[in-house]
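# Structure assessment
Each chain is listed here by its residues.
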Amino acid sequence: MKKKKNTALLCVALSSLLVTQSSAMASTQIKGITSKSGLISVTVTTDSYVTDSDDTESKLSKAITFEVYSEGVENLTKSDIKGFGELYPDAQTFTFSFGLKSADKYKIVVSDKDGKTEKSFVYSDTTGRQRFVNKINECLVTPKEKPENLTPENIAKAADEIHDIIVSEDNYSDAVSVGINVDEYKDYLPALQKAIITKLVKIAPNSSMTEDVFADVYKESEAVCRINEGGDSLAKETVMRLNPEFEDVKFDKITNTDKKEWIKSTVVLNKPYDTLEEILSFYNESCALYSINKAKVLDIEDEVKGYAKLLEIEDEKEYKAYEDSANSTVNSNLVDILAEKAAQNTKELLKALDSAVADEDDDEEEVFGSQNNKVSGGKGGFSVAGPQEQIQIGQESGVAQSSGSFADVPQSHWAYTAITKMQQDGVISGDGTGNFYPAQTVKREEFVKMIIAAFNLEDETASSHFHDVFDSDWFYPYVSAAFEKGIVIGDTLGLFGVNAAITREDATLIASRVLKLTGKMGEAQREYASFGDDGLIADYAKEAVKELYSMGIINGTDKGDFEPKRFCTRAEAAVIIYNISR
């Protein structure tokens, strides 16, 4: 909320539980008045706040003012004004606050260009508020002071006594001023009233609460019980009232109505909660889950890994397996699983991660081209994971493996022929334990080593000047040979891109350059047909993509896309090199 003029009594806005206000002529309506620690908070809804149809810009069409008077004063003058201000809200529903000096019955008038609306309220001073809280304290039996007396019978007795104190007309102004919306409390069903006060008795820290402590305890008791006991509609309204914040965005600032409804429903679905902190924590979890559920294949891995710490799943076996196996197939599986049934808590997300990894072998399809040069479609989606650290393809580990001995590449594997042939030719090797890890992404230096070895382009005298490639690196001779032959160039900063996973478009470009260098660029077998995502292909790779597509080396997905930014898996890299080297 912005303020344009000096308003000495105008304070920072506080969130509060709302009460209903009957309609008036003004386009601005008072929705509720609450109090805490002597600070009066007024929640207002206004049509003066205009949002463009595309939700891109909002503005205030006219100023809103408020004035506070003592109730029952006739022939009002400026001296009768107890509070005033000019408001420039930044939301259609907003809350402003002000202080008062003495206990009394008051009337607040909120005005805009179209008219005014008013509401009466009572205000109790510090003595009255603490007097009310002391009455509550006298009823309490707390674990810290008398744990032996904290029996169901004593809790029920204390709850009944506190209920009577809250609904007493003699205590009305004090209760409201402390922060209890007494009118709303009276409208609750008896079961909800009992649940709120019983919760209050159980969580009260001691029997010497100040008004500030009591206000927080009551707010927590009411919020928890409204969500747990009040039915879905009341629970969703409570989430709105709490107005939690996630990644610096308050709930009421979310413009996506579907997102807001999903978050509310998910928070309600995962009740019951013991504390307000637990509610707010799950709100954050729900927001993160929404982002994961809605992510496309391009973003899903970043979303899952980015929120793993917040969701507290980093040590779970399902997440670790996903982290190790994440690739285009796994990520596509995950998106499909979440599209069919959204994960509404971490348990469901972990189950989805487990299924995505388990389905990898069944779902994985070759994307660059088949092993007999008949192009097949691949599964949609791609990964944006960082480089894998477990195994270097072709790294000189000194551990030999017999022909076709990779334990994780059975004969039924879609890339078995290519991987086995590349192994037999000495182009690829495993990690020394009998595994090839076909589903993991392949790094730029790994792909260059494979293609240089496959075409016998090694040159021990070659050198390169990349800032991230050193002569002590195992891949130095291969990258240097590729550099001197014009197969790789590097970026404008003089970097090769060590440890970065290679993208589909970069692998295609390198393959095209090798074919041209060796004079093996074949005749076109078909006319180039534009991919659905042609616009995503980098300009430097467009011609290479057209050439290899026309030769039947690469193909699009079953959705008609090329997915140029998707990272290659080890199996896919073996297949494309196998195809172009024959």
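Our structure is the block above this text.
Thresholds applied
- Residues numbered from 1 in each chain as written.
- Predicted model: local features only at pLDDT ≥ 70, side-chain atom pairs only at ≥ 80, totals over all residues.
- Heavy atoms only, no water.
- Helix = DSSP H or I, 4+ residues; strand = E, 2+ residues; numbered from the N terminus.
- Buried < 20%, exposed > 50% of the residue type's maximum accessible area, 1.4 Å probe, protein only.
- Contact = heavy atoms within 4.5 Å.
- Areas by Shrake-Rupley, 256 points an atom, 1.4 Å probe, with all protein chains shown as cover.
- Patch = residues over 30% accessible without salt bridge, like charges linked within 9 Å, V, L, I, M, F, W, Y side chains within 5 Å.
- Salt bridge = Lys/Arg side-chain N within 4 Å of Asp/Glu carboxyl O.
- Lys, Arg positive; Asp, Glu negative; His and termini not counted.
- Charge placed at Lys NZ, Arg CZ, Asp CG, Glu CD.
- Pairing = 2+ DSSP bridges.
- Phe/Tyr/Trp six-rings, centres within 6.5 Å; stacked < 30°, edge-to-face > 60°.
- Polar contact = N/O pair within 3.5 Å; in protein donor to acceptor, adjacent residues only side chain to side chain.
- Core = buried A, V, L, I, M, F, W, Y, C linked by side-chain atoms within 4.5 Å.
- Axes fitted to C-alpha atoms, helices over the stretch in contact; angles between N-to-C directions.
- Parallel < 35°, antiparallel > 145°, perpendicular 65-115°, else oblique.
- Left-handed = near helix turned anticlockwise from the far one by under 90°.
- Nonpolar A, V, L, I, M, F, W, Y, C, P; charged D, E, K, R; others polar.

Before going further, it helps to examine the overall build of the protein. Helix and strand content of the protein: 20 helices and 13 strands. For the protein, with 582 residues in total, the buried portion stands at 50%. Taking the intrachain contacts of the protein between residues at least 6 apart in sequence as the baseline, contacts between residues at least 24 apart amount to 70%. Summed over all atoms, the accessible surface of the protein reaches about 27,100 Å², with 47% contributed by carbon and sulfur.

Where like charges cluster on the molecular surface, the negative patch consists of Glu314, Asp315, Glu316, Glu323 and Asp324. Residue position: Asp315 is located in the loop between α10 (297-311) and α11 (317-325). Note on Asp315: relative accessible area 68%, which makes it exposed.

Another point: the pairing of strand β10 (residues 104-112). Pairing geometry for strand β7 (residues 64-70) and β10, over 6 bridges, is antiparallel. Across the sheet, residue Tyr69 finds its bridge partner in β10, namely Lys107. Sheet topology places β10 next to strand β11 (residues 115-123); 9 bridges connect them, and they run antiparallel. Bridging from a neighbouring strand, Ile108 pairs with Lys119 of β11. Counting the residues between successive antiparallel strands, the hairpin from β10 to β11 contains 2 residues.

Now for the packing of aromatic side chains. Each pair of aromatic rings is reported with the distance of its centres and the angle of its planes. Counted according to the given criterion, the structure contains 21 aromatic pairs. With a centroid separation of 5.2 Å and an interplanar angle of 75 degrees, the aromatic rings of Phe466 and Phe483 are classed as edge-to-face. Linking Phe466 in the loop between α16 (444-454) and α17 (476-484) with Phe483 in helix α17, this pair joins segments that are 17 residues apart in sequence. Using a relative accessible area of 22% as the deciding quantity, one classes Phe483 as partly exposed.

In this section: the side chain of Arg129. When you line up the elements, Arg129 lands in helix α1 (residues 126-139). For Arg129, the side chain forms a polar contact with the side chain of Glu211, separated by 2.7 Å.

For the rest of this paragraph, the subject is the side chain of Glu446. Within the secondary structure, Glu446 is located in helix α16. On the basis of relative accessible area, Glu446 is assigned to the buried category, the value being 0%. Within polar-contact distance, the side chain of Glu446 engages the backbone nitrogen of Lys443 at 2.8 Å.

Moving on to the nonpolar core. Ile419, Phe447, Val448, Ile451, Ile510 and Ile576 are the most contacted members of the largest nonpolar core, which has 56 residues in total. Residue contributions to this core peak at 8 residues, all from helix α20 (residues 570-581). Filtering out sequence-adjacent residues up to four positions away, Ile451 remains in contact with Ile510, Ala511, Val514, Ile577 and Ile580. Formed by 45 residues, the second largest nonpolar core is a distinct cluster that contains Ile227, Trp262, Ala308 and Ala343.

Let us now look at the packing of helix α18 (residues 504-518) against helix α19 (residues 539-550). Between α18 and α19, the shortest axis-to-axis distance is 8 Å and the interhelical angle comes to 70 degrees. For the element pair α18 / α19, the angle class is roughly perpendicular. Where α18 crosses over α19, the two elements pack in a sense that is left-handed. Taking contact as the criterion, the partners of Glu505, Asp506, Thr508, Leu509, Ala511, Ser512, Leu515 and Lys516 in α18 are, on α19, Tyr540, Ala541, Ala544, Val545, Glu547 and Leu548. The residue makeup of the contact of α18 with α19, split by class, is 8 nonpolar, 2 polar and 4 charged.

Cis peptide bonds are those with omega within 30 degrees of zero, and the linkage from Lys271 to Pro272 qualifies with 5 degrees. Relative to the assigned elements, Pro272 resides in the loop between α8 (257-269) and α9 (276-294). Unlike most non-glycine residues, Asp248 shows phi in positive territory, near 70 degrees. Of note, Asp248 is situated in the loop between β12 (245-246) and β13 (249-250). Residues other than glycine seldom take positive phi values, yet Asn499 does so here, at roughly 75 degrees. Assignment of secondary structure puts Asn499 in the loop between α17 and α18. Overall, the relative accessible area of 31% leaves Asn499 in the partly exposed class.

Our next topic: the packing of α1 against helix α2 (residues 152-167). Each pair of packed helices can be described by the angle between their axes along with the distance between the axes. The N-to-C vectors of α1 and α2 enclose an angle of 165 degrees; their axes lie 9 Å apart at closest approach. Regarding the angle of α1 to α2, the classification is roughly antiparallel. Crossing of α1 over α2 shows right-handed handedness. Residues Phe132, Lys135, Ile136 and Cys139 of α1 lie in contact with α2, whose contacting residues are Ala158, Glu161, Ile162, Ile165 and Ile166. In terms of residue class, the contact of α1 with α2 is built from 7 nonpolar, no polar and 2 charged.

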